[in-house]
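Read off the chains here:
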Amino acid sequence: MGFNIAIDGPAGAGKSTIAKRLAKALSFVYVDTGAMYRAMALYFLRAGISPEDEGAISLACEEIDITIAYEAGEQCVYLNGENVNRFIREEKVGRMASGTSIYPNVRAKLTSLQQKLAKSADVIMDGRDIGTCVLPNAQVKIFLTAGVAARARRRYEELAGKGEAVELAQIEADIKERDERDMNRKIAPLRQAEDAVLVDSSDLDIEEVTARILDIYHKAVAAGQQ
């Protein structure tokens, strides 16, 4: 088993940004779980399967293999041996991923593939159920959070910087709704694993959060070597 770092937390906490920085600093593989869902959705689209046909989707899951590798510093997602990077960001793929990720068999298949990756390499994964469901034996578990106001402000600044017309109050309401949905969903709800370290980034910048988690990692490694 490789060294595994699991980062969970609510929407807008900065999980992906921090995970990518940590992966680069530690030379770990960043496992983009969202990209894996999209790769699976691409398979369903190519097979002409309707997102409402749970039975056909469940059967198709048995024919899918997805891996992640890095080539020349770029993350490459492979679907049954094919590099599908240039296809998975298409809007229709995103819609299919959103529509099919709710099915238990899809989640079970991807969990199995993600666990397979974690056994063969040093990985960092972020999501909402990584430490509790996907990598329950991860050597380092982080629950990265921030207050709703802080997360809304960051999202507002991100969208405003792109020239989009947005309202801070609406973004904050959307985040509250997303939190409620994530924490109360039937399958793999968002919650902090008992052995996860809580990191509140409300008053920290990216560099400070990265440094704090790197310190947690180095302490875990030192403890394991004793």
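Treat the numbers as computed from the prediction; the structure is a model and nothing was measured. (Residues numbered from 1 in each chain as written. Predicted model: local features only at pLDDT ≥ 70, side-chain atom pairs only at ≥ 80, totals over all residues. Heavy atoms only, no water.)

Caption draft 1: Examining the environment of Met-36 more closely. Following the sequence through the fold, Met-36 ends up in helix H2 (residues 33–46). For the pair Met-36 and Ala-149, spaced 113 residues apart in the sequence, the C-alpha separation amounts to 30 Å. (Helix = DSSP H or I, 4+ residues; strand = E, 2+ residues; numbered from the N terminus.)

Caption draft 2: Representation of unusual backbone geometry. Backbone geometry places Ser-27, a non-glycine residue, at a positive phi of 60°. Its location among the elements puts Ser-27 in the loop between helix H1 (15–26) and strand S2 (29–31). When its relative accessible area of 66% is taken as the criterion, Ser-27 is described as exposed. In this structure, Asn-80 is a non-glycine residue whose phi angle is positive, near 50°. The residue Asn-80 is located in the loop between strand S4 (74–79) and strand S5 (82–83) in this model. For Asn-80, a relative accessible area of 40% puts it in the partly exposed group. (Buried < 20%, exposed > 50% of the residue type's maximum accessible area, 1.4 Å probe, protein only.)

Caption draft 3: Local environment of the packing of aromatic side chains. For the coordinates displayed, the defined rule picks out three aromatic pairs. Joined through ring pairs, the aromatic side chains of Phe-3, Phe-28 and Tyr-217 make up one cluster. Lying across the ring of Phe-87, Arg-46 places its NZ or CZ 5.0 Å from the centre. (Phe/Tyr/Trp six-rings, centres within 6.5 Å; stacked < 30°, edge-to-face > 60°. Lys NZ or Arg CZ within 6 Å of the ring centre and 35° of its normal.)

Caption draft 4: A look at the pairing of strand S3 (residues 66–71). Sheet topology places S3 next to S4; six bridges connect them, and they run antiparallel. Bridge pairing in S4 places Thr-67 opposite Tyr-78. A loop of two residues connects S3 with S4, the two strands running antiparallel in sequence, and Ala-72 in this loop sits at a positive phi of about 55°. (Pairing = 2+ DSSP bridges.)

Caption draft 5: Quick look at helix H9 (residues 168–184). With 17 residues, H9 extends 25 Å between its outermost C-alpha atoms, agreeing within 8% with the 24 Å of an ideal straight helix rising 1.5 Å per residue. Residues Ile-171, Ile-175, Asp-179 and Asp-182 constitute the buried set of H9. In a view along the axis of H9, the buried residues occupy a sector of 80°, so they form one face of it. Exposed residues on H9 whose side chains face more than 90 degrees from its buried face are Ala-169 and Asn-184. Next to the buried residues of H9 lie helix H8 (148–161). (Expected span 1.5 Å × (residues − 1). Arc of directions from axis to C-beta. Contact = heavy atoms within 4.5 Å.)

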